[in-house]
Amino acid sequence: MYTAHPDRYAEMPYRRTGRSGLKLPALSLGLWHNFGPDRPVETQRAILRRAFDLGVTHFDLANNYGPPPGSAESALGEALKADFGPYRDELVVSTKAGYLMWPGPYGEWGSRKYLLSSLDQSLSRMGLDYVDIFYSHRPDPQTPLEETMGALHTAVQQGKALYVGVSNYSPEQTREAARILAELGTPLLIHQPRYSMLDRRPETSGLLDALDELEVGSIAYSPLEQGLLTGRYLNGIPEDSRAASDSPFLNSDALTEELVGKLRTLNEIAASRGQSLAQLALAWVLRQGRVTSALVGASSPRQLEDSVVAIGTLDFDADELARIDKVVKG
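How each quantity is defined
Residues numbered from 1 in each chain as written. Predicted model: local features only at pLDDT ≥ 70, side-chain atom pairs only at ≥ 80, totals over all residues. Heavy atoms only, no water. Axes fitted to C-alpha atoms, helices over the stretch in contact; angles between N-to-C directions. Helix = DSSP H or I, 4+ residues; strand = E, 2+ residues; numbered from the N terminus. Parallel < 35°, antiparallel > 145°, perpendicular 65-115°, else oblique. Left-handed = near helix turned anticlockwise from the far one by under 90°. Contact = heavy atoms within 4.5 Å. Nonpolar A, V, L, I, M, F, W, Y, C, P; charged D, E, K, R; others polar. Buried < 20%, exposed > 50% of the residue type's maximum accessible area, 1.4 Å probe, protein only. Phe/Tyr/Trp six-rings, centres within 6.5 Å; stacked < 30°, edge-to-face > 60°. Lys NZ or Arg CZ within 6 Å of the ring centre and 35° of its normal. Arc of directions from axis to C-beta. Polar contact = N/O pair within 3.5 Å; in protein donor to acceptor, adjacent residues only side chain to side chain.

Caption draft 1: Seen up close, the packing of helix α5 (residues 171–184) against helix α7 (residues 207–214). It is the contact of α5 with α7, at a shortest axis distance of 9 Å, that shows an interaxial angle of 20°. For the element pair α5 / α7, the angle class is roughly parallel. The way α5 lies across α7 gives a crossing that is right-handed. On the side of α5, the interface is formed by P171, T174, R175 and A178, while α7 contributes L207, A210, L211, E213 and L214. Residue composition of the contact of α5 with α7, by class: six nonpolar, one polar and two charged.

Rendered as structure tokens:
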């Protein structure tokens, strides 16, 4: 029987999400790639237990996480039942709907039918009565935003979600979503954008500015850029790496000589700070407090521990930031 570490809240900082009462750990655990039938169940449970012992109280999912789709939620459901029953009220569990989940016209995007059906299925897989955060995973170009936001509002009204968020929405779409939700009486809590040292779109598009103005939280996904910022690719492409498998999210063609040169220079900057490249990348995303939390994946408890070390050194001086910008932007 798992018993959580008594000092689990001693080191992890928790940041208020927008203007809500909800605080998230600076690092949250994403269950995108490493929770499914192709991974040992005991390893998955060990990662979740170690995360919680380190103060990582937020587990982030989507209906299609796995592979196959749905398996990450099922894996979490088993772990919740086996290990986390006494701790449910200390956990923040989030899920999303928006990408393809089942065949036919009602199995993806942003219709009311799809979102609410998907949420019911997610709750069933996880064995939960509610999730803490339910997201629209991507904007639907054909469904009125009023319908999509109305479905999120209904999820809260039904008691199946405590808060709602959006992911992959533009600044303009985010502002409109926030307006609609405010009129309905369910505030927009959080936005989940892709954001890293190598992907600055939340800055350049004005999304972070919009979130500041709206007083909406943010949680960055892919802060390690699908592994590019972990140091795995400083000396070639390892045979067991994601790039070697030609994953749709990262393939060998992306590893150009120019990019590898940038990664090596960033690694030198990290070393000068006493950090690994991954720790530097996480600290950079969290550096100004504009990002509420950064999502990390983990294939082992040790990998998660390495990520958590990053929260100990979040300050950058002007010279360090300028050097990073010079490397990335050229």
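Let's pick the thread back up.
Caption draft 2: Summary view of helix α9 (residues 277–286). Within α9, ten of the ten residues are buried, leaving the element largely enclosed by the surrounding structure. For α9, the full list of buried residues reads L277, A278, Q279, L280, A281, L282, A283, W284, V285 and L286.

Caption draft 3: Local environment of the packing of aromatic side chains. Going through the model one piece at a time under the given rule, you end up with nine aromatic pairs. Each residue in the set Y2, F52, F59, F84 and Y87 is aromatic and connected to the rest through ring pairs, giving one cluster. Positioned above the aromatic ring of F316 is the side chain of R273, whose terminal nitrogen or guanidinium carbon lies 3.8 Å from the ring centre. Looking at R287, its charged tip hangs above the ring of W284, at a distance of 3.9 Å from the centre.

Caption draft 4: Structural view of α7. Residues L207, L208, A210 and L211 constitute the buried set of α7. Considered in projection along α7, the buried side chains sweep an arc of 160° and stay on one side of the axis. Buried residues in α7 make contact with α5, β8 (188–192), α6 (201–204) and β9 (217–220). Two residues or fewer past α7, E215 is found with a positive phi of approximately 55°.

Caption draft 5: Summary view of the side chain of K96. Checked against the element boundaries, K96 lands in strand β5 (residues 92–97). At a separation of 2.7 Å, a polar atom in the side chain of K96 contacts the side chain of D60. Residue contacts for K96: discarding those within four places in its chain leaves D60, L61, A62, N63, Y65, F134, Y135, H137 and Q192.

Caption draft 6: Representation of the packing of helix α8 (residues 257–272) against helix α11 (residues 318–329) within the structure. Contact geometry of α8 with α11 gives a least axis separation of 9 Å together with a crossing angle of 170°. Here α8 lies roughly antiparallel to α11, going by the angle between them. Residues K262, T265, L266, I269 and S272 of α8 form the contact with α11, whose own contacting residues are R323, I324, V327 and V328. Broken down by class, the residue content of the contact of α8 with α11 amounts to five nonpolar, two polar and two charged.

Any functional reading would require information that these geometric values do not contain.
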